[in-house]
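Read off the chains here:
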Amino acid sequence: MESAHILIGLSGSIAAFKIASLVSSLTKQGYEVRVIETKHAAAFLGPLTLAALSHHDVYTDEFNGANEAMIPHIALSRWADLFLIAPADANILAKAACGIADDLLSSTILAATCPMLAAPAMNVHMFENIATQNNLKTLHERGWHIIDPAYGMLACQEAGQGRMAEPADLEAAIKAVLAKNDASRQSESRQEADLPLQGKRVVVSAGPTQESLDPVRFMSNHSSGKQGYAIAKAARDLGATVTLVSGPVTIAPPEGVEVVPIVSALDLEKAMLEQAEMADFIIMAAAVADYRFKDQHDQKMKKSGDTLTLELVKNPDILAHLGANKKTGQILCGFAMETENLDANARIKLESKNCDMLVANNLHTKGAGFQTDTNIVSLLFKDRTEHLDLQTKEALGHIILKTMLSLQEGDSVHAALR
Ligand code: PMT
């Protein structure tokens, strides 16, 4: 991180002279260095020296800047990637620990949100004083990096701990903190990239419905639930909070996913309408019966004549209802299970059910549809259709979800489909 912004604050100590070589070294390596000096620090090491070495004016007072519109303590605290207080005398450590802001350096410390380092320098008794030790403990607990002073003969002719660390040690500490910060920033952005659905609620329906005729018999279809379960797993892996509304299947749900079991289309309707209230993305992969028996019998129906006519009544179209009542920002993905004229029939469903996208599979295509671990689909959008090759149902789940995210964020779906 060669162009990191390093702010150095000097307080009153003879050790200030060591900062000249630190500033010189950092500047030569391409770091951007700015310096604040307290009045007492400036008495030990003139601002002119530090200005020449850092190639910038040195800040000594809140009110001595050329730019009157600039509020130095705010501007400097925002500018800094790292703030080193060196030498840190007992007074500045006490002010920092208590939050006192009565000059430029202490005000900038209070306003700073970047990593903080302090290199104490003082008389051994001042350093060992319980007040100073408590202040250092407080700062350490707040996340400050304290660069311990060395033992030796001090300027006051007493021997003990209090000599500020050498410029090479300060430089090493600065680089270590910058590297750690850089690594944690990279890992945060990696996490964001890996979990693009973090914070999103995804509701997926899966499997068949069963429409009961009597305690023994029902009407259903061949859906295994594999496609819906694979989408739920993909959503979980992309960081979403997932609810899987599932018809009766024999496969296990992915761990970490809430499962709402349903049996009939009416059950599914109730569950989906409840779940839709809070959902960002809804995917209707369930194979829903369009009709149910008009009469459902409590007892097993007895055999009678050679033919039997059973009356069916229409089930509600759940997807159409969800499409007509979409919440703000909600993205709705339907499926279409076809055996002929795939794209044309699917487009009618996309439009009539007000879906944002629709995944169409043809049951007559090998490797697609019911029971398989793979699928071959067309993705339909309001303005275009994309044909995808054979892939696992889970890989398709990733594509569907990333495409829905693009739709929600108003991005081109093109990138999600690459
Ligand atoms: O479970 P698998 O074995 O893995 O098989 C996957 C699958 C073939 C079931 C899946 O890929 C699929 O196509 N699911 C949708 C099945 C379906 O009901 O298609 P449809 O064309 O009949 O219905 C269109 C859409 O309306 C679907 O999103 C469906 O969930 C929904 N629908 C249908 C009827 C109804 N009454 N209410 C609905 O919401």
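Refer to the structure above for everything that follows.
Not measured: the values here are computed from a predicted model.

A. Region of interest: the site of the ligand. Near the ligand, the surroundings consist of 28 residues, among which S223, S224, K349, N361 and K393 are the closest. With respect to the ligand, the backbone of A286 contributes an N or O atom lying 2.8 Å from an oxygen atom. One of the side-chain N or O atoms of N361 is found 2.5 Å from an oxygen atom in the ligand. For the ligand, whose free accessible area comes to 770 Å², the fraction covered by protein is 97%. If you map the ligand onto the pockets, it falls in the largest pocket. Where the shell around the ligand is concerned, the elements lending two or more residues are α10 (226–237), α12 (318–324) and β16 (331–338). Grouping the constituent residues of the shell around the ligand by class yields 13 nonpolar, 9 polar and 6 charged.

B. Seen up close, the packing of helix α4 (residues 72–79) against helix α6 (residues 104–111). Between α4 and α6, the shortest axis-to-axis distance is 8 Å and the interhelical angle comes to 50 degrees. Here α4 lies oblique to α6, going by the angle between them. Here α4 and α6 pass one another in a crossing that is right-handed. In contact with P72, H73, I74, L76 and S77 of α4, α6 contributes L104, S107, T108 and A111. When the residues that make up the contact of α4 with α6 are grouped by side-chain class, the tally is 5 nonpolar, 4 polar and no charged.

C. Layout of the pairing of strand β7 (residues 159–163). Here strand β6 (residues 150–153) runs beside β7; their pairing, made up of 4 bridges, is antiparallel. Bridging across to β7, Y151 finds its partner in Q161. In textbook terms, the turn of a hairpin is the stretch between consecutive antiparallel strands, and for β6 and β7 this stretch comprises 5 residues, one of which, Q157, has a positive phi near 70 degrees.

D. Structural context of the pattern of salt bridges. The final tally for this structure, using the stated rule, is 19 salt bridges. Two residues, D237 and R236, come together in a salt bridge whose shortest N-O distance is 2.9 Å. Accessibility expressed as a relative area gives 27% for R236, which makes it partly exposed. Measuring nitrogen to oxygen at the nearest pair gives 3.7 Å for the salt bridge that ties E351 to R347. In this pair, E351 and R347 are both assigned in helix α13 (residues 342–352), 4 residues apart and thus about one turn of the helix distant.

E. Examining the pairing of strand β13 (residues 281–284) more closely. Burial along β13 is two-sided: F281 and I283 facing one way and I282 and M284 facing the other are all buried. Across 4 bridges, the pairing between strand β8 (residues 201–206) and β13 is parallel. If you follow V202 over to β13, its bridge partner there is F281. Sheet analysis places β13 next to β16, joined by 4 bridges and oriented parallel. Bridge assignment links M284 to a residue of β16, and that residue is G334.

F. Just the sheet that holds strand β11 (residues 241–246), in detail. Read across the sheet, 8 strands follow the order β12-β11-β8-β13-β16-β17-β19-β20 without closing on themselves; strand pairing throughout is mixed. On the outer flanks of this sheet lie β12 (258–261) and β20 (385–387), each paired with one strand and no other. Taking the axes of each pair of neighbouring strands and ignoring which way they run, one obtains an average angle of 15 degrees across the sheet. Relative to β20, strand β19 (residues 377–381) runs antiparallel, the two sharing 3 bridges.

G. Up close: the environment of P248. When you line up the elements, P248 lands in the loop between β11 and β12. Since its relative accessible area comes to 30%, P248 is described here as partly exposed. In this structure P248 touches P208, Q210, I262 and V263, once residues within four positions along its chain are discounted.

H. Looking closely at the state of the cysteines. Applying the stated rule across the entire model yields 0 disulfides. Of all cysteine sulfurs in the structure, the one in C333 sits closest to C355, which takes part in no disulfide; the separation is 7.2 Å. The buried category is assigned to C355, whose relative accessible area is 0%.

I. Inspection of the sheet that holds strand β1 (residues 5–10) at higher detail. The strand order across the open sheet formed by 5 strands is β2-β1-β3-β4-β5, and the pairing between neighbours is parallel. Looking at strand neighbours, the two that pair on one side only are β2 (32–37) and β5 (145–146), the edges of this open sheet. Pairing of β1 with β2 involves 6 bridges; the strand directions are parallel. Across the sheet, the residue bridging to I8 is V35, located in β2. Strands β1, β2 and β3 (82–88) of the sheet are contacted by helix α1 (residues 17–28), whose axis makes an angle of about 170 degrees with β1. On the sheet, helix α5 (residues 90–98) packs against β3 and β4 (116–120) and is oriented at approximately 140 degrees with respect to β3.

Criteria and thresholds
Residues numbered from 1 in each chain as written. Predicted model: local features only at pLDDT ≥ 70, side-chain atom pairs only at ≥ 80, totals over all residues. Heavy atoms only, no water. Near = heavy atom within 4 Å. Polar contact = N/O pair within 3.5 Å; in protein donor to acceptor, adjacent residues only side chain to side chain. Areas by Shrake-Rupley, 256 points an atom, 1.4 Å probe, with all protein chains shown as cover. 1 Å grid on protein atoms, 1.4 Å probe; cavity = no way out; pocket = protein on both sides within 12 Å on 5 of 7 lines; lining within 4 Å. Sits in = over half its atoms within 2 Å of the grid points. Helix = DSSP H or I, 4+ residues; strand = E, 2+ residues; numbered from the N terminus. Nonpolar A, V, L, I, M, F, W, Y, C, P; charged D, E, K, R; others polar. Axes fitted to C-alpha atoms, helices over the stretch in contact; angles between N-to-C directions. Parallel < 35°, antiparallel > 145°, perpendicular 65-115°, else oblique. Left-handed = near helix turned anticlockwise from the far one by under 90°. Contact = heavy atoms within 4.5 Å. Pairing = 2+ DSSP bridges. Salt bridge = Lys/Arg side-chain N within 4 Å of Asp/Glu carboxyl O. Buried < 20%, exposed > 50% of the residue type's maximum accessible area, 1.4 Å probe, protein only. Disulfide = S-S within 2.5 Å.

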